[in-house]
Amino acid sequence: MSRKPELKGRAARLARLFPVGRANQAARTPFVLLVVLLLGGGLIGLLVLNSALSEGSFKLDDLQKQTKNLTDEEQALQRDIDAYSAPDALQRRASELGMVPGGDPVFLGSDGTVKGVPSPAALRGTTQPPAPEALGTPSVSAPVTAPTATPATTPVTAPTPALTPVTTPTTTPGR
């Protein structure tokens, strides 16, 4: 039948180092199991890593949406502030509160001298300011009477502001 050739010298010494027959098959089994376990562990590790990355991506997307909403709200509030601080809006609100434009300014020097010529504030159709009770603040001092520009026989009544605050609805474009 088939006979293996006999090895001599160096080849014979090397052949003795390797197991012969079934023992060679038994030595391969743990190596194959180790490779399969390493590949399975690697795949599971990649699955966990991919899940963690996608979770972080969802959180990032939610935070970007929240940032966009907060930025839009900030811009809307800034537009409201700009509308309330516009000169015509300030003038309208001041006149609703009964305020009048001031006269010429006067300055006091450090030595007590007066620089400038004082003049009274111009009154617009009212001869006396609204009562502090109407504005919602308690009166501490006696009411101040302004000089009247009309004859003493004609009584002039000052309009009293409403007790409820006047609010104007603001509309935000795009909402």
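Structure shown above.
These notes cover the structure that comes with them. (Residues numbered from 1 in each chain as written. Predicted model: local features only at pLDDT ≥ 70, side-chain atom pairs only at ≥ 80, totals over all residues. Heavy atoms only, no water.)

A short note on the overall build of the protein chain
Stated precisely, the cut-off is as follows: Only DSSP runs of H or I covering at least 4 residues are called helices, and only runs of E covering at least 2 are called strands; the numbering of each starts at the N terminus. Per-residue accessibility, obtained with a 1.4 Å probe over protein chains only, is compared with the maximum for each type, and a residue is labelled buried under 20%, exposed over 50%, and partly exposed between these values. Contact definition: two residues touch when any of their heavy atoms are within 4.5 Å.
Across its full length, the protein chain holds four helices and two strands. Overall, the protein chain shows an N-to-C arrangement of helices and strands of α-α-α-β-β-α. Scored against the burial criterion, the 175 residues of the protein chain give a buried share of 4%. Taking as baseline every contact in the protein chain between residues at least 6 positions apart, the subset at least 24 positions apart corresponds to 42%.

Topic: the pattern of salt bridges
Here is the rule we go by: By convention in these notes, a salt bridge is any Lys or Arg side-chain nitrogen within 4 Å of a carboxyl oxygen on Asp or Glu.
Summed over the entire model, instances satisfying the criterion amount to five salt bridges. The partner of lysine 59 in a salt bridge is glutamate 55, and the shortest N-O contact between them spans 3.8 Å. Of this pair, lysine 59 and glutamate 55 both sit in helix α2 (residues 22–84), separated by four residues, roughly a single helical turn. Residue class for glutamate 55 comes out partly exposed when judged on its relative accessible area of 46%. Linking aspartate 61 and lysine 65 is a salt bridge whose minimum nitrogen-to-oxygen distance equals 3.7 Å. Here the residue aspartate 61 and the residue lysine 65 both occupy positions in helix α2, the gap between them amounting to four residues, near one helical turn. Relative accessible area serves as the criterion here: at 34%, aspartate 61 is assigned to the partly exposed category. Each of Arg92, Arg93 and Glu96 takes part in salt bridges that share partners, so that together they form one network.

Comments concerning the environment of valine 117
Positionally, valine 117 belongs in the loop between β2 (114–115) and α4 (132–135). For valine 117, a relative accessible area of 66% gives the class exposed. Here the alpha-carbon distance between valine 117 and aspartate 104, two residues 13 residues apart in the chain, equals 7.1 Å. Contact partners of valine 117, with chain neighbours within four places excluded, come to Asp104 and Val106.

Structural notes on a nonpolar patch on the surface
So the rule is basically this: The patches described consist of residues with a relative accessible area above 30% and no salt bridge, like charges being joined within 9 Å and nonpolar side chains (Val, Leu, Ile, Met, Phe, Trp, Tyr) within 5 Å. Here, Shrake-Rupley sampling with a 1.4 Å probe gives the accessible areas, and only protein chains in the shown set may cover a residue.
A cluster of nonpolar residues, Phe31, Val32, Val35, Val36 and Leu39, forms a patch on the protein surface that exposes about 470 Å² of accessible area. Tracing the backbone through its elements, the reader meets leucine 39 in helix α2.

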